[in-house]
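Take a look at the letters that make up each chain.
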Amino acid sequence: MRRTIGPRTEEASALLRLFVVFALALVVCAIVAPELLSHNGVILILVSFTVEVALVTLGQSLVIITGGVDLSISGVVSLTGVTVGALAHHGLPTAALVPLGILVGLTCGLLVGIVVAYVGAPPIMATLGAGILFAGIALGLTGGSAFSVFPKTFSLLGQGKAGIPNQILLLAVVAVAVIVIADRTRFGRWAYATGANLPAARLSGIPVRGVLVGVYMASGLLASLAGMIMAARVNSAVATMGAGLVLASITAAVIGGISVFGGKGSLFGALLGVLTISMLQGAMTLNGVGTEDQSMAIAFLLLCVLLLGRVSLPALARRLTAGSPDVVGPAAAASSRVGRDDVVR
Amino acid sequence: MNTSPSAASPVIARRPRLRFRLSRENTLVAVLIVFSILVGAVRPTFLTWTNVSLILAASAVLGVAALGEFLVIVTGAIDISIGAIVGISAVTLSYCLQAGVPTVVSVLLGLAAAVIAGAINGVLAGWVKIPSIVVTLATASIFLWVMQAFTGGHISSAARKSLPWLSERGAVGVPLSVLVFVGLAVLVSFLMYRTRFGRDMYAVGDNEAAARVAGVVVVRVRILTFVVAALLAGVAGVIAASQLAYVTATTGTGLVFLTIGAVVLGGTNLFGGSGRVRGVVTGVLLLYAIYNAMVLLRVAAAWQDAVAGLLILVAVIIDTLGRRPK
């Protein structure tokens with residue numbers, strides 16, 4: 001039997017596209033910055049560009065899979081980092097800092113999850129407001145300055161090594177755990193089902209609200225880990241430390257093949273997306289490309305990947321010749337997507 | 001009393017809901033009035049004409065940009081790049097003025113640059129059908145980069161010198177920019193409630209499939225919406241350039257979340273399809289009244305964003321609860 005159509009082949013072709021993009025990035029990297037492909041170079045890329053983005057991207061991907069989007073990630077990262085920094089400033093030991101930091105992330109996620117699942121607010125708006133609130137609290141706590149006194153053991157989170165840097169090991173463990181949860185457990189299946197068709201998921205007995213609260217809490221938890229690692233790595237916590245992570249995580253997830261309409265995409269792909277971006281960032285940094293040029297290049301890459309996945313050239317040609325595109329033709333086929341457009345905008 | 005809506009209008013069936021929406025906007029006006037009286041009781045300065053005109057002048061930039069964001073949200077999309085577009089227009093204007101281009105031509109060029117940016121958004125979101133949040137997240141970075149490359153990172157203070165009439169207090173006691181805001185609000189109201197394009201926007205936001213079946217050319221409506229929104233953001237950029245001591249590419253970036261917040265606060269349906277201009281204007285004024293009151297009440301500057309975020313979150317919650325089927 002040959003599968004010709006259906007989710008399997010669609011997902012496979014998305015993954016294939018991703019591998020092509022990744023391979024291209026690898027080739028670019030090998031040409032312009034070959035030294036990055038050594039052992040030390042890879043470690044450098046992972047520590048400087050990958051770990052924190054990868055953690056938040058896992059959370060972002062889970063949320064996007066359920067048909068939402070989490071714009072509060074930057075706020076959670078900042079708030080966690082700053083809270084932990086403030087507590088460390090008051091002399092709390094590492095054994096208390098880490099659980100409290102995780103608690104901050106879980107609480108933020110719980111709040112957002114309740115507003116989305118039980119109040120029923122659109123994720124984009126709920127997480128937008130919550131994100132401004134979290135970042136605002138972080139700014140209020142710091143009063144615009146920075147916390148930069150951390151216990152030695154806490155700094156190990158971002159500066160220590162056990163053969164390879166600690167945070168890479170942590171990321172590996174967390175990534176495996178999250179991927180197993182998403183791919184092999186009931187909760188994971190529920191998350192995909194919720195994003196694919198929410199009313200159907202509810203009717204088939206899936207506790208949709210619980211699933212939504214769960215993914216937002218997971219996203220909060222992962223963001224708090226990222227916040228603590230970042231604070232430990234740069235030995236400083238400021239209110240703006242999470243800025244840019246929302247865009248980075250959405251970009252990586254989308255490049256990694258997570259469908260913005262929900263219900264589709266693999267977390268493994270999302271991680272590959274993060275790796276692709278961080279490799280290019282490493283190569284650009286080594287060649288003296290400024291951060292603004294880098295974010296422009298990555299935004300451009302995002303658009304290219306989306307266009308690659310969206311535009312079917314024969315259909316495009318037909319549309320251009322057929323005149324009013326919305327009355328007949330391929331648009332009618334496209335209208336099956338329409339019902340979902342309002343879930344994630 | 002309006003007696004002449006076209007009988008074929010797709011919005012006709014929405015009458016009962018519109019009445020409900022009107023009462024929501026009135027509630028917001030009431031909130032603004034009660035809030036002003038309360039703050040005025042504690043800090044009498046709040047209600048002086050000087051302070052009120054200060055609030056009005058401050059709200060012009062955000063207000064005009066929020067009108068643009070409002071249009072996009074009505075169609076069920078979102079524009080994260082609106083702040084970058086404000087920057088595009090401000091930078092283009094300043095750059096042209098510095099190069100010795102006449103003021104009127106410079107303003108037109110600034111607006112034209114904004115319109116081009118809006119067209120790019122519109123084509124990618126409306127025609128290629130990439131979700132607008134992803135498109136505009138990406139284009140926001142790209143627009144900023146183009147502006148940085150264009151200016152070479154230089155800052156310019158040319159606009160403030162060339163356009164004093166826009167931001168200085170005129171004979172009425174308020175700057176011309178406030179009148180521009182009010183005028184554009186009236187114009188957008190006309191566009192939304194009295195023209196076919198306006199009805200099409202509501203129809204597309206309410207139910208895209210139904211609008212398509214009813215003969216609305218959805219792609220055209222979506223592209224035009226992004227273009228008109230960008231034009232409004234462009235006007236906001238011109239006003240911003242006339243007010244600020246200097247202009248950089250990042251001039252508008254802080255505005256995005258505030259514009260969305262003001263639109264939400266104004267009671268615009270977050271899923272698209274409904275919302276009134278009056279609500280948006282009130283939302284903008286309320287937001288700035290609150291910021292202004294926080295200064296007068298000596299709330300530490302560092303906590304002001306937290307208050308604004310809490311306010312937006314609460315507005316989202318109230319809005320969603322109020323919309324639930326009973």
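Residues numbered from 1 in each chain as written. Chains lettered and ligands numbered in written order. Predicted model: local features only at pLDDT ≥ 70, side-chain atom pairs only at ≥ 80, totals over all residues. Heavy atoms only, no water.

### What to know about the interface of chain A and chain B
Frequently, the measure chosen for interface size is the accessible area that the parts lose on association. Keep this limit in mind: Between two residues, a contact is recorded if the distance between any of their heavy atoms is within 4.5 Å. In this description, buried area is defined as the sum, over both parts, of the accessible area (probe of 1.4 Å) that is lost when the two are combined. For salt bridges, the criterion is a side-chain nitrogen of Lys or Arg within 4 Å of an Asp or Glu carboxyl oxygen. The definition of a polar contact used here is a pair of N or O atoms within 3.5 Å, where within protein one atom must be able to donate a hydrogen and the other to accept one, and adjacent residues in sequence count solely through side-chain atom pairs.
The interface is formed by 50 residues belonging to chain A together with 46 residues belonging to chain B. Interface of chain A and chain B: buried area, both sides summed, is about 4,400 Å²; carbon and sulfur atoms make up 76% of it. Scanning the region where chain A abuts chain B turns up 0 salt bridges. Where chain A touches chain B, the interface holds 3 residue pairs in polar contact (both at pLDDT 80 or more).

### Observations regarding the state of the cysteines
Residue and element names in this part refer to chain A. To keep it simple, the criterion reads: What counts as a disulfide here is a pair of cysteine sulfur atoms lying within 2.5 Å. Here's how the labels work: a residue is buried when its accessible area is under 20% of the maximum for its type, exposed when over 50%, partly exposed in between, all with a 1.4 Å probe on protein chains only.
Per the counting criterion, the structure on display carries 0 disulfides over all chains. With no disulfide partner, Cys29 has as its closest neighbouring cysteine sulfur the one in Cys304, 18 Å distant. In this structure Cys29 comes out as buried when scored by relative accessible area, which is 0%.

### A word on the packing of aromatic side chains
Test applied: Working definition: a ring pair exists when centres of Phe, Tyr or Trp rings (six-membered ring for Trp) sit within 6.5 Å. Plane angles under 30 degrees give stacked, over 60 give edge-to-face, the rest tilted. Every helix listed is a DSSP run of H or I at least four residues long, and every strand listed is a run of E at least two residues long, numbered separately from the N terminus. Here, a charge over a ring is recorded when the distance from Lys NZ or Arg CZ to the ring centre is within 6 Å and its angle to the ring normal is within 35 degrees.
For the structure shown, the criterion picks out 2 aromatic pairs over all chains. A centroid spacing of 5.2 Å and a plane angle of 15° characterise the contact between Phe150 of chain A and Phe154 of chain A, whose relative ring orientation is stacked. For the pair formed by Phe150 of chain A and Phe154 of chain A, the shared burial category is buried. When the ring of Phe35 of chain B is compared with that of Phe46 of chain B, the centres are 6.3 Å apart and the planes differ by 85°; the resulting orientation is edge-to-face. Of this pair, Phe35 of chain B sits in helix H1 (residues 15-42) while Phe46 of chain B sits in the loop between H1 and helix H2 (49-74); the two residues are 11 residues apart in sequence, bridging distant segments of the chain. Here Phe35 of chain B falls in the partly exposed class, since its relative accessible area comes to 23%. Arg276 of chain B extends its terminal NZ or CZ atom over the ring of Tyr193 of chain B, reaching a point 4.1 Å from the ring centre.

### A closer look at the confidence of the model for chain A
Stated precisely, the cut-off is as follows: How sure the predictor is of each residue is captured by pLDDT, a score from 0 to 100.
In this model, chain A carries an average pLDDT of 85, and 86% of its residues clear a pLDDT of 70 or more. Counted against residues more than four places away or in other chains, residues 1-6 of chain A, with its pLDDT under 50, gives 3 contacts.

### Focus on the packing of H2 of chain B against helix H9 (residues 196-206) of chain B
The geometry of a pair of packed helices is captured by two quantities: the angle between their axes and the separation between those axes. All names here are of chain B. Selection rule: Geometry is summarised by axes, namely lines fitted to C-alpha atoms with helices restricted to the contacting stretch, and by angles between N-to-C directions that run from 0 to 180 degrees. Oblique is the label for any angle not covered by the other classes, which are roughly parallel (under 35 degrees), roughly antiparallel (over 145) and roughly perpendicular (65 to 115). Side-chain classes follow a simple rule in which Ala, Val, Leu, Ile, Met, Phe, Trp, Tyr, Cys and Pro form the nonpolar group, Asp, Glu, Lys and Arg form the charged group, and the remainder, Gly included, forms the polar group.
At a closest axis distance of 8 Å, the pairing of H2 and H9 adopts a crossing angle of 55°. The angle between H2 and H9 places the two elements in the oblique class. Every residue of H9 that contacts H2 at Phe70, Leu71 and Val74 is listed here: Met201, Tyr202 and Gly205. A per-class count over the contact of H2 with H9 returns 5 nonpolar, 1 polar and no charged.

### Regarding the environment of Leu222 of chain A
Residue and element names in this part refer to chain A. Of note, Leu222 is situated in helix H10 (residues 208-234). For Leu222, a relative accessible area of 4% gives the class buried. In the structure, Leu222 is positioned 21 residues away from Ala201 in sequence and 26 Å away in space, judged by C-alpha atoms. Every residue in contact with Leu222, bar those within four places of it in the chain, is listed here: Leu55, Leu58, Gly59, Val174 and Val178.

### A short note on unusual backbone geometry
Although it is not a glycine, Asn235 of chain A sits at a positive phi angle of roughly 55°. Within the secondary structure layout, Asn235 of chain A lies in the loop between H10 and helix H11 (245-255). With a relative accessible area of 31%, Asn235 of chain A lands in the partly exposed category. Positive phi, close to 65°, is recorded for Lys129 of chain B, a residue that is not glycine. Tracing the sequence through the fold places Lys129 of chain B in the loop between helix H4 (103-127) and helix H5 (132-151).

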